[in-house]
Amino acid sequence: MFKKILNALLLSGLAFSLQAADDVAKLQAYLQQLQSLEGSFEQLTLDARGQRLQEARGSMSLQKPGRFYWHTEMPYPQLLVSNGVTLWVYDPDLEQVTIQKLDQRMTNTPALILSGDAKDLTSHFDIQYVSRGKEEEFRMLPLGSDSLFEVLRLYFVDGRISALQLEDSLGQQTRVELTISAYNQPLDQKQFEFEPPTGVDVIQE
């Protein structure tokens, strides 16, 4: 009897491992087929009690490897630009540009997860898959202690990214809904470089 129970536990563990591997492979396939996208976004941030903290909207572009353009237009303008090596953060209201290199901690941010190498995901995340009919959800738990979030959820419709949601250690949730106008189409490479406007403060980190 004990041997039967042990075999059953071993088989169930093997089935779970195979399912987890399938979940990771599914997410990697979706992200690997994504080479570039362009569109707009709407962002909603809630506190731990579900109270609305902030809404934002703007335009964005992503291209592998590591390039992105994220322009928040409302309520406060801000521009994040990366060419895969350098990140520029421009705050027009503050007349300030911060320039920094993309280090390992930043590679765990959503924009770089989408524009990075999908093969590296298992080194940084525990990945779980939840099927919800037409919408598919992947729950990603960072393995490192220095992540900017506790949980990242990626949502796909017909194999294409449609939304993402971050949850931090305080229970605050930020959901970003994407409206994609161009998928895997050629993009203007100039948007992934940034020249600070004349007269603004430049902070090099």
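Relevant structure appears above.
Criteria and cut-off values
Residues numbered from 1 in each chain as written. Predicted model: local features only at pLDDT ≥ 70, side-chain atom pairs only at ≥ 80, totals over all residues. Heavy atoms only, no water. Core = buried A, V, L, I, M, F, W, Y, C linked by side-chain atoms within 4.5 Å. Buried < 20%, exposed > 50% of the residue type's maximum accessible area, 1.4 Å probe, protein only. Contact = heavy atoms within 4.5 Å. Pairing = 2+ DSSP bridges. Helix = DSSP H or I, 4+ residues; strand = E, 2+ residues; numbered from the N terminus. Axes fitted to C-alpha atoms, helices over the stretch in contact; angles between N-to-C directions. 1 Å grid on protein atoms, 1.4 Å probe; cavity = no way out; pocket = protein on both sides within 12 Å on 5 of 7 lines; lining within 4 Å. Points joined across faces, edges and corners; volume = space filled by probe spheres on them. Nonpolar A, V, L, I, M, F, W, Y, C, P; charged D, E, K, R; others polar. Polar contact = N/O pair within 3.5 Å; in protein donor to acceptor, adjacent residues only side chain to side chain.

Most often, soluble globular proteins have nonpolar side chains that are buried together. Counting 34 residues, the largest nonpolar core has Leu27, Leu121, Ile127, Met140, Leu152, Leu154 and Phe156 as its most contacted members. Leaving out residues up to four positions away in the same chain, Ile127 has contacts with Val24, Leu27, Leu121, Phe138, Arg139 and Met140. The next biggest cluster of nonpolar side chains, apart from the first, holds eight residues, and it includes Val81, Ile99, Phe194 and Val200.

The sheet built from 12 strands is open, its strands ordered β7-β8-β9-β10-β11-β1-β2-β3-β4-β5-β6-β12 with mixed pairing. The open sheet has two edge strands with one neighbour each: β7 (125–132) and β12 (201–204). Strand-to-strand twist of the sheet, defined as the mean angle between neighbouring strand axes without regard to direction, takes the value 20°. Bridging between strand β2 (residues 52–63) and strand β3 (residues 67–74) involves seven bridges; their strand directions are antiparallel. Bridging from a neighbouring strand, Gln63 pairs with Arg67 of β3.

The next point concerns empty space enclosed by the protein. Counted under the stated rule, the structure contains one cavity of 30 Å³ or more. Its volume calculated, the largest cavity comes out at about 30 Å³. Lining the largest cavity are Tyr30, Leu31, Leu34, Phe156, Gly159, Arg160, Ile161 and Tyr183. Those elements giving two or more residues to the lining of the largest cavity turn out to be α1 (2–33) and β10 (160–167). Its residues placed into classes, the lining of the largest cavity shows six nonpolar, one polar and one charged.

Bringing the environment of Arg175 into the picture now. Position of Arg175 among the secondary structure elements: in strand β11 (residues 173–183). Sequence-wise, Arg175 and Gln43 are 132 residues apart; in three dimensions their C-alpha atoms are separated by 5.7 Å. Leaving out residues up to four positions away in the same chain, Arg175 has contacts with Glu42, Gln43, Leu44, Glu135, Tyr155, Ala163, Leu164 and Gln165. Engagement of the side chain of Arg175 in a polar contact is seen with the side chain of Glu177, the distance being 2.5 Å.

One can expect most non-glycine residues to show negative phi and most peptide bonds to be in trans. Along the chain, Lys64 connects to Pro65 via a cis peptide bond; the corresponding omega equals 0°. Within the secondary structure, Pro65 sits in the loop between β2 and β3. With omega at 0°, the peptide bond leading from Met74 into Pro75 counts as cis. Summarising the element assignment, Pro75 is placed in the loop between β3 and β4 (78–83). In the Ramachandran plot, Glu95 falls in the positive-phi region, its phi being about 50° despite a non-glycine side chain. Take Glu95: it is sitting in the loop between β5 (86–91) and β6 (96–101). Positive phi is not limited to glycine here, since Asn184 has a value of about 55°.

Moving on, we get to the side chain of Gln28. Position of Gln28 among the secondary structure elements: in helix α1. Judged by its relative accessible area of 17%, Gln28 falls in the buried class. Residues within four places of Gln28 in sequence aside, it is in contact with Ala118, Lys119, Leu121 and Thr122.

Before going further, it helps to spend a moment on the pairing of strand β9 (residues 151–157). Within β9, six of the seven residues are buried, which leaves the element mostly enclosed by the surrounding structure. Pairing analysis gives six bridges linking strand β8 (residues 135–142) to β9, with the strands arranged antiparallel. Opposite Glu136, over in β9, you have Phe156 as the bridge partner. Bridging between β9 and β10 involves seven bridges; their strand directions are antiparallel. Bridge assignment links Leu152 to a residue of β10, and that residue is Leu166.

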